[in-house]
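# Secondary and tertiary structure notes
Okay, here's what each chain looks like letter by letter:
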Amino acid sequence: MRYYHSVCSCKHAGAWSPLLSLAVCSVNLEANRSFLTSLHISTQKFAVSTVPTQPIEGQKTGTSGLRKKTKVFMGENYLANWIQALFNSLGEEVKGKTIGLGGDGRYFNKEAVQTILKIAAAAGVKKVFVGRDAIFATPAMSALIRRRSLYGALIMSASHNPGGPEEDWGIKFNYSSGEPAPERITDAIYGFTKNISELKFADIPETDLSQLGSHTYGDFEVEVIDPVEDYLALLKEVFDFDLLREFIKRPDFSVEFDAMHAVTGAYAGPILVDALGAPGSSIRNGTPLEDFGGGHPDPNLTYAHDLVDLQWSENAADLGAASDGDGDRNMILGNKFFITPSDSVAMIAANAQECIPYFKSGLKGVARSMPTSGATDRVAEQLGLKCFEVPTGWKFFGNLMDAGLCSICGEESFGTGADHIREKDGLWAVLAWLSILAYRNRDVPVGGKKVTVEDIAMEHWAKFGRNFFSRYDYEGVESEAANKMVEHLREVMAKSSPGTKLGDYEVQTADEFSYTDPVDGSVASKQGLRFVFNDGSRIIFRLSGTGSSGATVRLYIEQYSSDPSTHKMDAQEALAPIIKLALEVSQLTNFTGREKPTVIT
Ligand code: VG1
Ligand code: CO
């Protein structure tokens with residue numbers, strides 16, 4: 001049993017019975033920060049209770065945190081086991097440190113936050129910054145870690161997966177430079193989950209997260225903060241807010257942002273409306289809801305249908321954008337025009353130095369995930385920049401950024417970002433596109449012929465060529481069937497030496513992607529099966545690491561064309577022959593029984 005000094009005279013501690021309830025609480029050292037704070041002194045101790053537990057199978061972190069059905073997480077000790085394993089793996093290092101905690105507003109977050117606070121306090125954490133109402137977008141949390149030099153942070157989110165009692169829940173840990181925990185940490189956590197025998201909870205009251213302010217329980221402090229403030233301050237350093245405000249004010253320009261009832265609902269108002277002057281009506285689905293309004297908070301052409309319908313109608317905005325559950329993904333649309341995420345990162349990289357103050361002295365380098373199209377490589381080549389190809393998942397970009405090797409990076413899965421933080425950043429991408437439009441239109445008089453999203457894409461393709469790209473997702477496939485297909489593909493690969501013909505395509509390489517981190521030498525193997533052909537086209541297969549049950553097969557297809565007469569083609573049409581080949585080579589329908597993908601992007 002461990003004891004700390006503690007008493008909380010705070011009104012929020014109603015459920016608990018403070019031994020002292022004193023006016024002297026007003027001596028709180030941090031009172032200057034916020035007069036909304038209820039104030040405390042430390043004169044009492046809190047107990048730590050030890051509860052026996054048993055290992056629970058399958059608590060292995062995937063591409064981005066641990067994701068399962070919400071009901072699984074709500075099962076006895078499921079969440080507590082993983083959190084305890086995390087703190088066990090951090091050991092002495094986390095004692096006396098400050099961490100962040102928040103999430104995307106989904107069902108079960110409010111309960112989970114209290115459990116996490118109790119285990120964190122018992123593990124010796126000194127202070128936790130929690131977002132008001134437990135809200136924190138993933139990129140904003142990454143920003144908070146960096147700006148306040150936190151030890152790390154916990155984010156309660158299953159990102160783009162749907163939420164609610166019947167859907168998904170998730171948790172991820174980000175480390176001290178704001179990056180998703182590297183594999184050495186996630187592996188260690190998994191190791192502890194397999195041997196865990198006891199949980200330690202601090203005997204502290206539930207903390208009211210609805211008001212800003214500080215709560216002290218002995219040596220342990222919980223400060224409820226505005227989840228937008230630090231993030232907005234950072235964005236103001238990255239972008240030219242005056243330029244953006246002037247542009248958004250133009251009567252001949254409109255922007256439409258779809259928060260999909262997810263976490264960016266809490267950010268879009270303060271950032272796009274209050275700070276940048278967009279009309280309130282430009283935000284749709286702007287209230288974060290526990291079940292995301294029953295939707296699938298994944299900003300793509302299938303799930304962001306409201307916005308897609310609008311952008312293909314007479315009332316289309318000049319720029320349409322959406323973000324996912326936890327605010328790290330983005331989709332960019334023009335008037336009846338879709339910018340693929342692979343193109344988006346390339347186009348932002350090509351325009352960054354000119355249009356975004358943060359990049360005014362040039363880029364340090366660029367990077368993309370392996371399945372992401374090579375559009376970024378072509379920009380890097382022309383700009384004389386290094387270009388890195390990493391496995392899927394944001395954690396691999398962080399080392400490159402920490403080593404000063406990469407400024408802008410992206411994934412085909414609607415993730416775009418830069419080294420201002422260590423996560424992909426949905427609203428950053430929206431402001432990046434707004435910056436490009438604002439800069440390009442700076443001399444166009446109101447009512448004149450504006451440079452559009454489509455113009456920027458067409459110009460880009462004329463200069464760099466177009467990498468046609470599409471991804472087919474087959475969700476909810478039986479794991480065994482998916483694994484058999486992967487085995488079959490490995491066999492095909494073994495027979496596909498350079499020069500082998502697959503249909504009309506000649507193999508350049510066929511391999512299973514493996515990555516050696518150029519900074520720390522760590523190796524990530526089995527990161528996707530790829531067939532690369534002599535004309536630069538590629539077929540890639542991967543199994544998703546973010547699902548909560550079964551398997552999701554992802555098929556990525558890419559083909560390059562430098563011929564401007566093809567650039568207006570529909571991607572599905574341009575890629576039809578190679579998609580057909582991919583389905584033949586994999587025998588996907590045979591193995592999975594699926595005639596059609598669930599989602600095409
Ligand atoms: C998917 C994407 C990957 C992304 C990851 C997390 O992973 O493919 O590019 O980094 O989701 O995104 P997988 O293993 O399912 O393919 V998020 O916005 O859900 O944190
Ligand atoms: Co996300």
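Residues numbered from 1 in each chain as written. Chains lettered and ligands numbered in written order. Predicted model: local features only at pLDDT ≥ 70, side-chain atom pairs only at ≥ 80, totals over all residues. Heavy atoms only, no water.

Going by what an unreviewed UniProt entry lists, the protein is known as phosphoglucomutase (alpha-D-glucose-1,6-bisphosphate-dependent) and is assigned to Coccomyxa subellipsoidea. Within the UniProt record for the protein, the comment given under Cofactor (unreviewed entry) is "Mg(2+)". Under the UniProt heading Sequence similarities (unreviewed entry), the entry covering the protein gives this text: "Belongs to the phosphohexose mutase family." (UniProt positions renumbered as here; feature names shortened; annotations may be inferred.)

## Re the pattern of salt bridges
Summed over the entire model, instances satisfying the criterion amount to 39 salt bridges. Between D328 and K424 there is a salt bridge, with its nearest N and O atoms 3.6 Å apart. Placement of D328 in the loop between strand 12 (319-323) and strand 13 (330-334) and of K424 in the loop between strand 18 (415-418) and helix 13 (426-440) is noted, with a sequence separation of 96 residues between them. The residues D328 and K424 share a single accessibility class, namely buried. The salt bridge partner of D473 is R471, with a shortest N-O separation of 2.8 Å. Here D473 and R471 have matching classes, each one buried. (Salt bridge = Lys/Arg side-chain N within 4 Å of Asp/Glu carboxyl O. Helix = DSSP H or I, 4+ residues; strand = E, 2+ residues; numbered from the N terminus. Buried < 20%, exposed > 50% of the residue type's maximum accessible area, 1.4 Å probe, protein only.)

## Considering the site of ligand 1
In the vicinity of ligand 1, 20 residues are found, and the nearest of them are T63, H160, S413, G545 and T546. Between ligand 1 and the protein, one listed contact pairs an oxygen atom with a side-chain N or O atom of R67 at 3.1 Å. In this structure, an oxygen atom belonging to ligand 1 sits 3.0 Å away from a side-chain N or O atom of D328. Here the shell around ligand 1 is built from residues that sort into no nonpolar, 10 polar and 10 charged. (Near = heavy atom within 4 Å. Polar contact = N/O pair within 3.5 Å; in protein donor to acceptor, adjacent residues only side chain to side chain. Nonpolar A, V, L, I, M, F, W, Y, C, P; charged D, E, K, R; others polar.)

## Re the packing of helix 10 (residues 341-355) against helix 11 (residues 375-383)
Where helix 10 contacts helix 11, the two axes come as close as 8 Å, and the packing angle between them is 15 degrees. Relative to helix 11, helix 10 is oriented roughly parallel. Crossing geometry of helix 10 relative to helix 11 is assigned as right-handed. Note on element contacts: helix 11 touches helix 10 through A375, T376, V379 and L383, opposite S342, D343, V345, A346, A349 and A350. Each residue belonging to the contact of helix 10 with helix 11 can be placed in one class, and the counts come to seven nonpolar, two polar and one charged. (Axes fitted to C-alpha atoms, helices over the stretch in contact; angles between N-to-C directions. Parallel < 35°, antiparallel > 145°, perpendicular 65-115°, else oblique. Left-handed = near helix turned anticlockwise from the far one by under 90°. Contact = heavy atoms within 4.5 Å.)

## Remarks on the packing of aromatic side chains
With the rule as written, the count across this model stands at 14 aromatic pairs. Here F173 and Y175 contribute two aromatic rings whose centre-to-centre distance is 6.1 Å and whose plane-to-plane angle is 50 degrees, an arrangement assigned as tilted. The exposure class of Y175 is buried, given its relative accessible area of 12%. Here the aromatic rings of F396 and Y515 are separated by 5.9 Å at their centres, their planes lie at 85 degrees, and the arrangement is edge-to-face. A residue pair is termed long-range when its members are at least 10 positions apart, and F396 in helix 12 (residues 395-402) and Y515 in strand 22 (residues 515-516) qualify at 119 residues. Among the residues examined, F396 registers a relative accessible area of 9% and is labelled buried. A network of ring pairs unites the aromatic residues F73, Y78, F108 and W169 as a single cluster. (Phe/Tyr/Trp six-rings, centres within 6.5 Å; stacked < 30°, edge-to-face > 60°.)

## Quick look at the UniProt feature "domain: Alpha-D-phosphohexomutase alpha/beta/alpha" (unreviewed entry) in the protein
According to UniProt, the "domain: Alpha-D-phosphohexomutase alpha/beta/alpha" (unreviewed entry) feature falls on residues 59-198, 230-333 and 342-443. Helix makes up 38% of residues 59-198 and strand 23%. Its end C-alpha atoms lie 16 Å apart. Taken end to end, residues 342-443 is 45% helix and 16% strand, and its two terminal C-alpha atoms sit 29 Å from one another.

## A look at the side chain of T207
Considering the arrangement of structural elements, one finds T207 in the loop between strand 7 (198-202) and strand 8 (213-217). Owing to a relative accessible area of 4%, T207 belongs among the buried residues under this scheme. What T207 contacts, discounting residues up to four positions off in sequence, is Q114, L117, H215, Y217 and V222.

## Examining the environment of S344
Summarising the element assignment, S344 is placed in helix 10. The exposure class of S344 is buried, given its relative accessible area of 1%. Separated by 51 residues in the primary sequence, S344 and K395 place their C-alpha atoms 20 Å from one another. Apart from the residues within four sequence positions on either side, S344 is in contact with I332, I339, T416 and W433.

## Things to note about the coordination of the cobalt ion (ligand 2)
Distances from the cobalt ion (ligand 2) to its protein donors, namely S159 (OG), D324 (OD), D326 (OD) and D328 (OD), fall within the range 1.9 to 2.1 Å. The sequence motif formed by the donor residues of the cobalt ion (ligand 2) is S-x164-D-x1-D-x1-D. Of the two residues, S159 is situated in the loop between strand 5 (152-156) and strand 6 (168-174) and D328 in the loop between strand 12 and strand 13; the sequence distance between them amounts to 169 residues. (Donors = N, O, S within 2.8 Å, 3.2 Å for Na, K, Ca; no water.)

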